[in-house]
Amino acid sequence: MDVLKRFINGDYIFKPIDKEDIIYQSYIDIKNKLQQQNIKLLSYNEIISTIPKMYINEFNKLMKNLDIDKLYSSPIHGIDHNIRVAVFALIISAFEKIDLDDFKIIIECAKYHDIGRVNDLEDITHGFMGARKIDFLESKYSSSELSYMRTVITVHSLPDDSFKRIALLNDVDDMERCRKMFHILKDADGLDRARLEWPYIDIDYLRTFTAKRLIPFAYELNYNYEYNTK
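So, here is what we can say about the structure in this document. In this text the structure is predicted, and so the values were computed from the model without any measurement.

1. Topic: the overall build of the protein
Point 1. Each helix and strand in the protein was counted, giving 13 helices and zero strands.
Point 2. Starting at the N terminus, the α and β elements of the protein follow one another as α-α-α-α-α-α-α-α-α-α-α-α-α.
Point 3. A compact globule built from 230 residues should have a C-alpha radius of gyration of about 17 Å, and the protein, at 17 Å, falls within 12% of that.
Point 4. Once the C-alpha set of the protein is aligned to its principal axes, its extents read approximately 50 × 35 × 35 Å.
Point 5. The proportion of buried residues among the 230 residues of the protein is 51%.
Point 6. A fraction of 74% describes how many contacts in the protein between residues 6 or more apart in sequence connect residues 24 or more apart.
Point 7. A total accessible area of about 11600 Å² is found for the protein, and carbon and sulfur atoms account for 49% of it.
Point 8. Counting 32 positive and 37 negative side-chain charges, the protein places the centres of these two groups 3 Å from one another.

Structure below.
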């Protein structure tokens, strides 16, 4: 977890993306597209100076309690992916001014959203399988909060239009509140596509304005992630 301390303390080291790297052209293309749309990009310094201390404190507590044994073991969807998704969820939540109680639920979902995986292939069922495995959180959260978590984790691997049906099945008591959580998790997960050769991050599929502002940063963070874990 040293990489989290480095990120939060403002000590994360960013080296320019090498022009020969496979992600470079995607990185440049998306920066140009965002600038053409007059979308102001978020820099690391702006991110770190803007996130309120209360979010940082809560994030530290939640990530300290990450149960690594529950995670799917994989270089693609394993612990490093979950850490980065949690970081993106932290940033989006802070800039979108999400309530702290909802923030806790979002980060728990980010931590465990892929525990239903059995492989690294495209699999729309792994969210449903993961939602069935979060009973270990029952001592920490209310039945209402768990209904949000089960919904968000289930729908993160499904098309967006399945949200209402899954939320009703889980007896969610506030649809719009839950929808915001789902949007943040799915965007945070989508931003970590920066680690992949394909499929690339598509601005048109992101749901929050903050996530769109974060796309180049996501490439920069991923490109430098391994270096910052040393």
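2. Observations regarding the packing of helix H5 (residues 79–95) against helix H12 (residues 215–223)
Point 1. It is the contact of H5 with H12, at a shortest axis distance of 12 Å, that shows an interaxial angle of 145°. Where H5 crosses over H12, the handedness of that crossing is right-handed. On H12, the residues that touch Arg-84, Val-87, Phe-88 and Ile-91 of H5 are Phe-217, Ala-218, Leu-221 and Asn-222.
Point 2. Looking at side-chain class alone, the contact of H5 with H12 contains six nonpolar, one polar and one charged residues.

3. Overview of the environment of Ser-43
Point 1. One can find Ser-43 in the loop between helix H2 (24–36) and helix H3 (44–50).
Point 2. In the structure, Ser-43 is positioned 62 residues away from Ile-105 in sequence and 26 Å away in space, judged by C-alpha atoms.

4. Observations regarding the packing of aromatic side chains
Point 1. Applying the stated criterion to the full structure yields 11 aromatic pairs.
Point 2. A centroid spacing of 6.4 Å and a plane angle of 55° characterise the contact between Phe-7 and Phe-217, whose relative ring orientation is tilted. In this pair, Phe-7 sits in helix H1 (residues 2–8) while Phe-217 sits in helix H12, placing the two residues 210 residues apart along the sequence. We note that Phe-7, like Phe-217, is buried.
Point 3. Ring geometry for Tyr-27 against Tyr-219: centres 6.3 Å apart, planes inclined by 65°, an arrangement best described as edge-to-face. Note that Tyr-27 is positioned in helix H2 and Tyr-219 in helix H12, a separation of 192 residues in sequence. Note on accessibility: Tyr-27 and Tyr-219 belong to one class, buried.
Point 4. Through a chain of ring-to-ring contacts, three or more aromatic side chains come together here, namely Phe-7, Tyr-12, Phe-14, Tyr-44 and Phe-217.
Point 5. Positioned above the aromatic ring of Phe-136, the side-chain terminus of Lys-70 is 4.7 Å from the ring centre.

5. As for the packing of H2 against H12
Point 1. Relative orientation of the contacting elements H2 and H12 amounts to 155°, with a least axis distance of 9 Å. The angle between H2 and H12 places the two elements in the roughly antiparallel class. Note that H2 runs across H12; the crossing there is left-handed. The residues of H12 that touch H2, namely those facing Ser-26, Tyr-27, Ile-30, Lys-31 and Leu-34, are Ile-215, Pro-216, Tyr-219 and Glu-220.

6. Re the pattern of salt bridges
Point 1. Under the criterion given, the structure shown has 16 salt bridges.
Point 2. Note that Asp-192 is salt-bridged to Arg-84, the shortest N-O span being 2.7 Å. Remark: Arg-84 occurs in helix H5 and Asp-192 occurs in the loop between helix H10 (175–191) and helix H11 (209–213); sequence separation between them is 108 residues. Each member of the pair Asp-192 and Arg-84 is classed as buried.
Point 3. One salt bridge in this structure joins Arg-207 and Asp-160, with 2.7 Å as the shortest N-O distance. Of this pair, Arg-207 sits in the loop between H10 and H11 while Asp-160 is found in the loop between helix H8 (143–155) and helix H9 (163–169), placing the two residues 47 residues apart along the sequence.
Point 4. Classification of Arg-207 by relative accessible area gives partly exposed; the value is 26%.
Point 5. Among the charged side chains, a network of salt bridges with common partners joins Asp-160, Lys-186, Asp-187 and Arg-207.

Analysis parameters
Residues numbered from 1 in each chain as written. Predicted model: local features only at pLDDT ≥ 70, side-chain atom pairs only at ≥ 80, totals over all residues. Heavy atoms only, no water. Helix = DSSP H or I, 4+ residues; strand = E, 2+ residues; numbered from the N terminus. Rg over C-alpha atoms; globule rule 2.2 N^0.38 Å. Buried < 20%, exposed > 50% of the residue type's maximum accessible area, 1.4 Å probe, protein only. Contact = heavy atoms within 4.5 Å. Areas by Shrake-Rupley, 256 points an atom, 1.4 Å probe, with all protein chains shown as cover. Lys, Arg positive; Asp, Glu negative; His and termini not counted. Charge placed at Lys NZ, Arg CZ, Asp CG, Glu CD. Axes fitted to C-alpha atoms, helices over the stretch in contact; angles between N-to-C directions. Left-handed = near helix turned anticlockwise from the far one by under 90°. Nonpolar A, V, L, I, M, F, W, Y, C, P; charged D, E, K, R; others polar. Phe/Tyr/Trp six-rings, centres within 6.5 Å; stacked < 30°, edge-to-face > 60°. Lys NZ or Arg CZ within 6 Å of the ring centre and 35° of its normal. Parallel < 35°, antiparallel > 145°, perpendicular 65-115°, else oblique. Salt bridge = Lys/Arg side-chain N within 4 Å of Asp/Glu carboxyl O.

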